[in-house]
Amino acid sequence: MTLESEIETYLNKPISNATDLQLYDALLSLVKHKAEKLPEVSGEKKLYYISAEFLIGKQLGKNLINLGIYDEVKQLLAKKGKDLSCVEEKEKEPSLGNGGLGRLAACFLDSIATLDMKGDGVGLNYHFGLFKQEFKDHKQYEIPDEWLDGKNMLKKTDVCFPIELAGKMYTSRMYDMDVIGFKGNKNTLHLFDLDTVDESIVKDGIDFDKKDISKNLTLFLYPDDSDDAGRKLRVYQQYFMVSNAAQLILKEQKALKHDLKDLDKYAAIQINDTHPSMVIPELIRLLMQEGITMKKAADIVSNVCAYTNHTILAEALEKWPMDYLQEVVPQLMPIIEGLDYAVSAAFHDNEELNIIDAQNRVHMAKMDMHFGHSINGVAALHTEILKHKELKPFYDVYPDKFNNKTNGITFRRWIMHADPELADLVDETIGEDWKTDENALEKLMDHIEDESFLGRMDEIKHQNKVRFASFIKQKQNIDVDPDSIYDVQVKRFHEYKRQQMNALWVIWKYMQIKKGNLPQRPITVIFGGKAAPAYYQAKAVIHLILCLAELINNDPEVSPYLKVVMIKNYNIAKAEMTIPACDISEQISLASKEASGTSNMKFMLNGAVTLGTNDGANVEIRDLVGNDSIYTFGRSSDEVIKLYETAGYHAKDYYEKYPEIKEMVGFITSKALLKIGDAKMLKDLQDNLINKDWFMTLLDLEAYIEEKEKMLGDYEDREGWKRMALVNTAKSGFFSSDRTIREYNRDIWHLK
Ligand SMILES: *Cc1c(COP(=O)(O)O)cnc(C)c1O
């Protein structure tokens, strides 16, 4: 049957007569049907990647690519007067993640299936995901992000497990989603849920009764943890996730008649950050129910489990009070206390190593490090900081457990789907090998002096800028000039990522323009990202940016030279629209604070030039492209770590010493901004910058302005810039998640 007749069977009418929504339904059925027929990856040993987040993005386009029929479908639709991108827009984006960590899990699933490794994801089926971001009065508001409309890849299964929460029994249900590898076979993402969850209890934004677990358990990812009930809900969710995972693993292994004493021969578990840490005591508990001693069970589980650390921000290393655990998961407490006892006995009650601290809090990461066989950081610098600073006591006793796995991104989504014209140009120039052999991208370097090639790459960038401009005009009614320089910072809002530094630069540029120092070419500063609902400072930064956008975009003296765009509800679809259009990739976190970053890699792949600190994977980007194709500035991670150790940074000194800084920070409460914004919020933000500034914005501000000016000037050397863009794309092969996954497998999982 031809593709056309196949689609028309689902449609029951000619393609040319169908609406985009009908076409979406038909293509979804087509993909499901084709996925059904794909073989599952086979192998002796299986990986279970457990993660609280899977930020998988819309599935239709990616699945068509991985099935190898995207272009064919697109051309067929075009012939009938239909646009596949418009059809793809009809899909609701699953909002099952927060940021980089969740996106990493999604890229990994794609690479694991593509590399023909047997490996499933295990997580939760959040009904409303994180939240949907709206703007009102230049502020962020949160509303439920409804994505479960029945028109997606999820399959309800009849797999159910008994789960004990606070002494009461509940019955879970597993939903499955096929993970289709690139031109190959498939694995599965398992998302667990409770049938009794009740979406109608959500009222007024994202508020709901936090007490009734049977109704609220899987409503939201990261429910508000500013009170006890919210924090306990997070523990309920975590245990629910890992108990399901552990029961699924044992069920599958028993079905295969594997001896559970040899579990490490047949199963590997990757613990993605500390949210799934309770899988360790839970698996031990379940193995003990199978008649295995605790000591033996702990050994088995240690050989199965490996832990990935994603952050050195102390507040993100979870510690749960014992009395929460006693209430929520009393069945685990004897195990956790037993593990803690074994650790104290082995290390002479060393407070730094103990799982349970003197305040009776259970340190999840410490449990992972003692009772897992591998501890990895996510970029070279990050792993070094873990080994020699943050986790030094553990590195001292377990040096062989530590290893680095620099993050990666899947090229199937981040160039083939996001930037198809660039992908086609690469195909035409060096063949298609790079799609599965990322090192092949470097062959593009042969074209570094090839003017016509550079011109074509630049033309594609321009088209992507036009595409972004019409998108943002349509969605947010902002006029953007595609000939302006696109300067982009899109990521979660957090003080360590320092969007506030970029906002201060916007103020500086605004004042320069007012003084008559006009830029050579207009600049469009593009922000996007969500702030955690209870994170006041991050929300204040969003407020400042929205106020600046209002002021600047409506000022006829300034707006021809400078525009500010804040993308609403930044998600994967918006990332795919924005990143290929970018000229300057802002990666300006305080050195030592960004574990890796992955948007930096997406931008590089798409030919943007990085303006960044020597932090996370930026360091590895610099090593690959060389100092001539990246712009770096700011204090080093060593210097920053020393400033924290000696309490040597005082924002006020910088504020007082540099009149320019005083003027920029002062502008936050200028008459012009107070007319637009909320006086208290702006004042609080300003006070914080002058008196606290925990992430040292003012420390690097002057160096940032200087480097950014240099970069904007260099943009006018158009030939030089095009070469930098090419170098960035050509050298980005290392950041393919295929490379990352091969390393995980080689060093940790040993699947084949
Ligand atoms: C890649 C990605 C991130 C991670 O961005 P960082 O800059 O590495 O923090 C966050 N959100 C979305 C939607 C992404 O695609």
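Everything below is about the structure printed above this text.
Small disclaimer: the values here were computed from a predicted structure and weren't measured. (Residues numbered from 1 in each chain as written. Predicted model: local features only at pLDDT ≥ 70, side-chain atom pairs only at ≥ 80, totals over all residues. Heavy atoms only, no water.)

1. Remarks on the packing of aromatic side chains
Point 1. Overall, the coordinates contain 18 aromatic pairs when judged by the stated rule.
Point 2. With 5.3 Å between their ring centres and 50° between their planes, Tyr 510 and Phe 667 make a pair best called tilted. Remark: Phe 667 occurs in helix α27 (residues 659-667) and Tyr 510 occurs in helix α20 (residues 499-514); sequence separation between them is 157 residues.
Point 3. Judged by its relative accessible area of 8%, Tyr 510 falls in the buried class.
Point 4. Residue classification places Phe 667 among the buried positions, given a relative accessible area of 11%.
Point 5. Grouping aromatic residues by their ring pairs yields a cluster made of Tyr 49, Phe 108, Tyr 744 and Trp 749.
Point 6. Geometry around Phe 131 places Lys 530 over its ring, the cationic atom sitting 5.2 Å from the centre. (Phe/Tyr/Trp six-rings, centres within 6.5 Å; stacked < 30°, edge-to-face > 60°. Helix = DSSP H or I, 4+ residues; strand = E, 2+ residues; numbered from the N terminus. Buried < 20%, exposed > 50% of the residue type's maximum accessible area, 1.4 Å probe, protein only. Lys NZ or Arg CZ within 6 Å of the ring centre and 35° of its normal.)

2. Remarks on the sheet that holds strand β16 (residues 523-528)
Point 1. As summarised here, the arrangement of the six strands in space is β17-β16-β15-β18-β19-β20, forming an open sheet in which the pairing is parallel. Looking at which strands have only one partner, the edges of the open sheet turn out to be β17 (562-567) and β20 (631-632).
Point 2. Most of the contacts of helix α21 (residues 536-553) go to β17, to which it runs at about 140°, and overall it touches β16 and β17.
Point 3. In the packing of helix α31 (residues 718-730) onto the sheet, contacts are made with β18 (584-587), β19 (609-612) and β20, and the angle to β19 comes to roughly 85°. (Pairing = 2+ DSSP bridges. Contact = heavy atoms within 4.5 Å. Axes fitted to C-alpha atoms, helices over the stretch in contact; angles between N-to-C directions.)

3. Here's the deal with α20
Within an α-helix, residues lying three or four positions from one another point in the same direction, as the helix has 3.6 residues per turn.
Point 1. Spanning 16 residues, α20 covers 23 Å between terminal C-alpha atoms, matching the ideal 22 Å at 1.5 Å per step.
Point 2. Most of α20 sits out of view: 15 of its 16 residues are buried.
Point 3. Gly 516 sits one or two residues past α20 and shows a positive phi near 95°. (Expected span 1.5 Å × (residues − 1).)

4. Examining the packing of helix α10 (residues 279-289) against helix α13 (residues 333-346)
Point 1. Remark: α10 packs on α13, axes separated minimally by 9 Å, with the N-to-C direction vectors making an angle of 105°. Classified by the angle between their axes, α10 and α13 sit roughly perpendicular to one another. Between α10 and α13, the contacting residues are Ile 280, Pro 281, Ile 284, Arg 285 and Met 288 on the first element and Ile 335, Ile 336 and Leu 339 on the second.
Point 2. Tallied by class, the residues present in the contact of α10 with α13 amount to seven nonpolar, no polar and one charged. (Parallel < 35°, antiparallel > 145°, perpendicular 65-115°, else oblique. Nonpolar A, V, L, I, M, F, W, Y, C, P; charged D, E, K, R; others polar.)

5. Some remarks on the pattern of salt bridges
Point 1. Inspection of every chain in the model, using the stated rule, returns 51 salt bridges.
Point 2. A salt bridge links Lys 46 to Glu 252, with the shortest nitrogen-to-oxygen separation between them at 2.9 Å. Here Glu 252 lies in helix α8 (residues 228-255) and Lys 46 lies in strand β1 (residues 46-50), a separation of 206 residues in the sequence.
Point 3. Across the pair Asp 227 and Lys 210 runs a salt bridge whose closest N-O atoms are separated by 3.2 Å. Separated by 17 residues along the polypeptide, Asp 227 in the loop between α7 (213-216) and α8 and Lys 210 in the loop between β8 (186-194) and α7 bring together distant segments of the chain.
Point 4. A relative accessible area of 33% places Asp 227 in the partly exposed class.
Point 5. The buried category is assigned to Lys 210, whose relative accessible area is 16%.
Point 6. The network of salt bridges with shared partners includes Lys 46, Asp 120 and Glu 252. (Salt bridge = Lys/Arg side-chain N within 4 Å of Asp/Glu carboxyl O.)

6. Re helix α25 (residues 637-646)
Point 1. Among the residues of α25, Ser 637, Val 640, Ile 641 and Leu 643 are the ones counted as buried. With its buried residues spanning 155° around the axis, α25 presents them on a single face. Exposed residues on α25 whose side chains face more than 90 degrees from its buried face are Asp 638, Lys 642, Glu 645 and Thr 646.
Point 2. Phi turns positive one or two residues past the end of α25, at Ala 647, with a value near 50°. (Arc of directions from axis to C-beta.)

7. Description of the environment of Leu 674
Point 1. Following the sequence through the fold, Leu 674 ends up in helix α28 (residues 671-674).
Point 2. For Leu 674 and Met 724, which are 50 residues apart along the polypeptide, the C-alpha to C-alpha distance reads 41 Å.
Point 3. Those residues in contact with Leu 674, other than ones at most four positions away along the chain, are Thr 669, Ala 679 and Leu 682.

8. Notes on unusual backbone geometry
Point 1. Of note, Lys 257 is a non-glycine position whose phi angle comes to about 60°, a positive value.
Point 2. Note on Lys 257: relative accessible area 73%, which makes it exposed.
Point 3. Although it is not a glycine, Met 696 adopts a positive phi angle of roughly 55°.
Point 4. For Met 696, the location among the structural elements is in the loop between α29 (679-691) and α30 (697-714).
Point 5. Taking the relative accessible area as the measure of exposure, Met 696 reaches 2% and is therefore buried.

9. Side note on a negative patch on the surface
Point 1. A surface patch of like charges, here negative, comprises Asp 71, Glu 72, Glu 421 and Asp 424.
Point 2. Elements that contribute at least two residues to the negative patch include exactly α4 (70-79) and α18 (420-430).
Point 3. Positionally, Asp 424 belongs in helix α18. (Patch = residues over 30% accessible without salt bridge, like charges linked within 9 Å, V, L, I, M, F, W, Y side chains within 5 Å. Areas by Shrake-Rupley, 256 points an atom, 1.4 Å probe, with all protein chains shown as cover. Lys, Arg positive; Asp, Glu negative; His and termini not counted. Charge placed at Lys NZ, Arg CZ, Asp CG, Glu CD.)

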